[in-house]
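One letter stands for each residue in the lines below.
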Amino acid sequence: MISRICISLLQVLSYRQSDLVAQGDEDLQAMKAGAMLRKVKSRSWKKQRHFRLQEDGQTIWYKSRWAGTGHSTFSVADVDVVREGHQSEILLSIADEFPADLCFTLVFCGRRSNLDLVAESASEAQVWIRGVRKLIQNTKSMNDKERLDQWIWDWFQKADKNKDGRMNFKEVRTLLKMMNVDMNEEYALRLFTMADNSESGCLENEEFVQFYKMLTEREDVWRVFQDYSRDGQILTLAELEDFLKQEQQEGERSLEHAQELIDRYEPSENAKKHGAMSIDGFQMYLVSPEGAILDPQLLALHQDMSQPLSHYFICSSHNTYLMDDQLRGQSSQEAYIQALKRGCRCVEVDCWDGPNGEPVVYHGHTFTSKILFRDVITTLAEYAFKVSEFPVILSLENHCSMEQQRVMAQLLDTILGDTLLRAPLDRLVPQELPSPQDLKGKVLLKAKKIGGVEESETLTDEVTDEVSDEDEADPKSLSAEALRLNDKKSKFSRELSDLVVYCKSVHFHSFEYSRQHSKCYEMSSFSESKARKLAKDTGAEFVRHNSRQLSRVYPSGMRTDSSNYNPQELWNVGCQIVALNFQTAGPEMDLNDGLFSQNGCCGYVLKPDFMRNDDSFDPERPQDRNGYTSLRLSIQVISGQQLPKVNHKEGSIVDPLVRVEIYGVFQDQAKQETSYIDNNGFNPLWNETLNFIVHVPELALVRFVVEDYDKSSRNDFMGQFTVPFTCIQPGYRHIHLLSKDGTAIPLSSLFVNIKISELTTEV
């Protein structure tokens, strides 16, 4: 079977991004010619580099004039946006040396550092700003078919070593190694010979396309297609409907949806006319978002946003200002931008007295760098609601003098303006917290407060308190210097206190005390160790507490490397604000990204109903709750496609395995893995089934991890995808893998068959 998905000769070998946008485009032609730009890393590090756009129209190449043959490259697809002028801290620091019209910043996707550049002239800067923006726009507007075209063209270019537009067998063997395929030489030669219709010993034009088609045949998809196609050539409307009902578990909508899929994905007009789907259309459907594991309808904003804030999990960051570790890391406004772009709705600011009466933000009593509080709030004002319109909680760790607290209050008031919530909605004393819907477009200050909301108009101008919120919650984490300073009473200004409305920080005494005395707008912070102990010893009480009030959990002070704890343990007891170090990639941030990938990535996810009411839910005994039903999750891991290389040495090919991990209540924690496949990252075939029992699917997350097996050392990470159990689409699905940074790995996926059923027998 040779798929027409792999396009015609002219679409592949003549395809270049530059041909689409650069034909006659002066900016892109100038970028191809190249320019000397200054790469700036700091006020003292400014080096000239020669930059140019490669012929593929996708890659930007640069090198130092002293680097010999050494050079660096990056793909335009990795660039998120171009900022013009002094729109980074580094470029602002050299504003006295280089005017804004010479400067621009390339902002990359994921956690990669920005690239700050200075051109020789304003006109040259504009050439690169306009040019890169055009390339970004063109890349983002590509459909899946065009991305595949580009991918094929890129591989051809890499393998065509002598650049003669043809590929001999040696170059084909090199190509296979580059594509993660260790193919038997005899079989590779057979494919090569079958494609070499001209018998010239080289693949030209359509011959290479033919070779690629044979290489990428999906026998796994073909078998599924054959199971439902009577004649083996097409799926009739009735046969496609049957597939959707039986395998994809679609129910009554199957007939209507079958027709929609034919209209949307079938490339053959003749098949469309007869209401049928070919293997090409079937495969296009399976690799589309509709054929993905995550239900696209649940990706959109769909949850009830009118419930009290305490009824939601809230995407939250710890020490948001840090780009690196907790002792010497850089503090940066960029860290706030990155967190907010990831959907974060609770950011943290540690404030200390700074010079010239200006409060600064940094991790106190460490060697982390300092940034101005004013700049942090300006950044918040600009970026708070670009990704989500729902409220942002500003968690304030206040270590400032009375004078600088007043400066903070003035800056919050003037910079945030009407977005800052200053009083209860409708001026009424709240009996329960307002909803995200009620608070759209608002910034809520979380800090200590003088008295309560009811008493704000009658209180004195200052109050004495012991320590900051986090210090109070975890005194063991304080340095000796901090303990000495905390012996001196700290005062809180009335001006700052009055800006705290629904997030008043209070000391946690006990669940019993909170039930009797706490107001709905009072909330406590817990170190991860204290929160874990409460979750283990009194989980059901913690759940009830969190149905009424907000709780914030933050990493241990011992995590100086900015590592993270497992947030699932705290979500299991309903903690809303489980703060993580966003700058640190790993399984914990994968879980966070997975949970908040649903509901429009708005940063708020509605908790299950049994965690929002007075029902007694104990995560240690889930079987005791009303309506308890456990589910069986069966995952057949069928195959992988175009898995990434982890070692780019020539001849290195991965040995991939797939591990499935379940995160949830204690009884649901589990992991299983497939065997590894020798030397095949291009199209490995497993056909192995992994089975799990899930007791609380409403809280469970499923993480798929692909690793390169190594018998002598730790396996290497290749890609992952994490999905809430309740968002899984059953049936034959593709899982589109993400990098460690959470960015998409082009064309890299797993093909699985998922079955979910009620457990009918005792386990």
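Residues numbered from 1 in each chain as written. Predicted model: local features only at pLDDT ≥ 70, side-chain atom pairs only at ≥ 80, totals over all residues. Heavy atoms only, no water.

Some words on the overall build of the chain
- Helix and strand counts for the chain come out as 26 helices and 32 strands.
- Sorting the 763 residues of the chain into buried and exposed places 55% on the buried side.
- Sequence separation of 24 or more characterises 68% of the internal contacts of the chain that already satisfy a separation of 6 or more.
- Of the roughly 32,900 Å² of accessible surface on the chain, 48% is carried by carbon and sulfur atoms. (Helix = DSSP H or I, 4+ residues; strand = E, 2+ residues; numbered from the N terminus. Buried < 20%, exposed > 50% of the residue type's maximum accessible area, 1.4 Å probe, protein only. Contact = heavy atoms within 4.5 Å. Areas by Shrake-Rupley, 256 points an atom, 1.4 Å probe, with all protein chains shown as cover.)

A look at the confidence of the model for the chain
- Mean pLDDT over the chain works out to 89, with 90% of the residues at or above the 70 mark.
- Note on residues 1-18: pLDDT under 50 across the span, and 67 contacts to partners over four residues away in sequence or across chains. (pLDDT = per-residue confidence, 0-100.)

Brief notes about the pairing of strand β2 (residues 46-53)
- Taken together, the 6 bridges between strand β1 (residues 35-40) and β2 define a ladder with antiparallel strand orientation. Along β2, the bridge assignment pairs Arg-38 with Gln-48.
- Between the end of β1 and the start of β2, which pair antiparallel, lie 5 residues.
- Bridge count between β2 and strand β3 (residues 59-63): 4 bridges; the pairing is antiparallel. For His-50, the partnering residue across the bridge sits in β3 and is Lys-63.
- Linkage of β2 to β3, two consecutive antiparallel strands, is achieved through a turn of 5 residues, within which Gly-57 is found at a positive phi near 70°. (Pairing = 2+ DSSP bridges.)

Some words on the UniProt feature "active site" (unreviewed entry) in the chain
- Look at the UniProt record and you will see "active site" (unreviewed entry) annotated at His-318 and His-363. Taken together, the annotated residues stretch across 46 residues yet fold into one region, lying no more than 11.1 Å apart by C-alpha.
- Residue position: His-318 is located in the loop between β12 (312-317) and α16 (333-341).
- A distance of 3.5 Å separates a polar atom in the side chain of His-318 from a polar atom in the side chain of Asn-319.
- With respect to the element layout, His-363 can be found in the loop between β14 (360-361) and β15 (371-372).
- With relative accessibility at 22%, the residue His-363 sits in the partly exposed group.
- Here His-363 is in contact with Asn-319, Tyr-321, Gln-326, Asp-350 and Thr-368, once residues within four sequence places are set aside.
- One polar contact links the side chain of His-363 to the main-chain carbonyl oxygen of Gln-326, over a distance of 2.8 Å. (UniProt positions renumbered as here; feature names shortened; annotations may be inferred. Polar contact = N/O pair within 3.5 Å; in protein donor to acceptor, adjacent residues only side chain to side chain.)

Concerning the pattern of salt bridges
- Summed over the entire model, instances satisfying the criterion amount to 39 salt bridges.
- Asp-80 serves as the salt-bridge partner of Lys-140, at 3.6 Å between the closest nitrogen and oxygen. Here Asp-80 lies in strand β5 (residues 79-84) and Lys-140 lies in helix α5 (residues 122-141), a separation of 60 residues in the sequence.
- Owing to a relative accessible area of 49%, Lys-140 belongs among the partly exposed residues under this scheme.
- In this structure Asp-80 comes out as partly exposed when scored by relative accessible area, which is 22%.
- For the salt bridge of Glu-528 with Arg-559, the shortest nitrogen-to-oxygen distance reads 2.6 Å. You can see Glu-528 sitting in helix α23 (residues 528-537) and its partner Arg-559 sitting in the loop between β22 (551-554) and α25 (568-571), a full 31 residues away along the chain. (Salt bridge = Lys/Arg side-chain N within 4 Å of Asp/Glu carboxyl O.)

A word on the packing of aromatic side chains
- Counted by the stated rule, this structure contains 23 aromatic pairs.
- A centroid spacing of 6.4 Å and a plane angle of 80° characterise the contact between Phe-51 and Trp-128, whose relative ring orientation is edge-to-face. Within this pair, whereas Phe-51 is found in strand β2, its partner Trp-128 is found in helix α5, the two being separated by 77 residues in sequence. Take Phe-51 and Trp-128: they sit in the same class, and that class is buried.
- Three or more aromatic residues joined by ring pairs make a cluster, and in this case those are Trp-222, Phe-225, Tyr-228, Phe-243, Phe-282, Tyr-732 and Phe-751.
- A cation over an aromatic ring shows up here: Arg-218 above the ring of Phe-751, its NZ or CZ 5.3 Å from the ring centre. (Phe/Tyr/Trp six-rings, centres within 6.5 Å; stacked < 30°, edge-to-face > 60°. Lys NZ or Arg CZ within 6 Å of the ring centre and 35° of its normal.)

Quick look at empty space enclosed by the protein
- Taken as a whole and judged by the stated rule, the model has 2 cavities of 30 Å³ or more.
- Around the largest cavity sit Asn-398, Gln-405, Ala-447, Lys-448, Phe-492, Ser-493, Leu-496 and Ser-497, which together line it.
- Elements with a minimum of two residues in the lining of the largest cavity: β19 (490-493) and α21 (494-497). (1 Å grid on protein atoms, 1.4 Å probe; cavity = no way out; pocket = protein on both sides within 12 Å on 5 of 7 lines; lining within 4 Å. Points joined across faces, edges and corners; volume = space filled by probe spheres on them.)

Some words on the environment of Ser-288
- Its place among the elements puts Ser-288 in the loop between α14 (279-287) and α15 (296-299).
- In the structure, Ser-288 is positioned 445 residues away from Arg-733 in sequence and 9.5 Å away in space, judged by C-alpha atoms.
- In this structure Ser-288 touches Tyr-265 and His-736, once residues within four positions along its chain are discounted.

Comments concerning the environment of Ser-597
- Within the secondary structure layout, Ser-597 lies in the loop between α26 (587-595) and β24 (604-606).
- A residue is classified by how much of its surface remains accessible, and Ser-597, at 15% relative accessible area, is buried.

Notes on α23
- Within α23 the residues assigned to the buried category are Glu-528, Ala-531, Leu-534 and Ala-535. Seen from one end, α23 has its buried residues packed into an arc of 130°, which puts them on one side. Exposed side chains of α23 directed beyond 90 degrees from the buried face belong to Lys-533 and Lys-536.
- At its buried positions, α23 is contacted by α22 (511-517), β21 (522-527), α24 (539-548), β22 and α25. (Arc of directions from axis to C-beta.)

Looking at the nonpolar core
- Judged by nonpolar contacts, the single largest core of 66 residues is most densely connected at Val-349, Phe-373, Leu-380, Leu-394, Leu-396, Leu-412 and Leu-445.
- When sequence neighbours within four positions are dropped, the list of residues in contact with Leu-394 reads Val-347, Val-349, Ile-377, Leu-380, Leu-412, Val-443, Leu-444, Leu-445 and Lys-446.
- Residues Leu-631, Val-658, Trp-686 and Val-706 belong to the second largest nonpolar core, which totals 33 residues. (Core = buried A, V, L, I, M, F, W, Y, C linked by side-chain atoms within 4.5 Å.)

Some thoughts on the sheet that holds β5
- Pairing within the open sheet is antiparallel, and its 7 strands lie in the order β4-β3-β2-β1-β7-β6-β5. Since the sheet does not close on itself, it has two edges, and those belong to β4 (72-75) and β5, each with one partner. Mean inter-strand twist for the sheet, computed between neighbouring axes without regard to direction, equals 30°.
- Here helix α3 (residues 26-33) sits on the sheet in contact with β2 and β3, set at roughly 120° to β2. (Axes fitted to C-alpha atoms, helices over the stretch in contact; angles between N-to-C directions.)

Considering the pairing of β21
- Of all the 6 residues making up β21, 6 are buried; the element is thus mostly covered by neighbouring parts of the structure.
- The alternating pattern of β21 places Glu-522, Ser-524 and Phe-526 and Met-523, Ser-525 and Ser-527 on opposite faces, both of which are buried.
- Where strand β20 (residues 500-505) meets β21, 2 bridges bridge the pair, whose relative direction is parallel. By the bridge assignment for β21, Ser-505 is matched with Met-523.

Some remarks on the packing of helix α11 (residues 237-246) against helix α12 (residues 254-265)
- Where α11 meets α12, the axes come as close as 8 Å, and the angle between the chain directions of the two elements is 115°. Helix-helix and strand crossings are classified by hand; for α11 and α12 the assignment is right-handed. Between α11 and α12, the residues in contact are Leu-237, Leu-240, Glu-241, Leu-244 and Lys-245 and Ser-254, Leu-255, His-257, Ala-258, Gln-259, Leu-261 and Ile-262, respectively.
- Among the residues forming the contact of α11 with α12, the class breakdown is 7 nonpolar, 3 polar and 2 charged. (Left-handed = near helix turned anticlockwise from the far one by under 90°. Nonpolar A, V, L, I, M, F, W, Y, C, P; charged D, E, K, R; others polar.)

So, unusual backbone geometry
- Phi angles above zero are rare outside glycine, and Asn-319 is one such case at about 40°.
- Summarising the element assignment, Asn-319 is placed in the loop between β12 and α16.
- We classify Asn-319 as buried; its relative accessible area is 1%.
- Phi at Ser-562 is positive, roughly 65°, even though this residue is not glycine.
- Tracing the backbone shows Ser-562 in the loop between β22 and α25.
- Judged by relative accessible area, which is 0%, Ser-562 ranks as buried.

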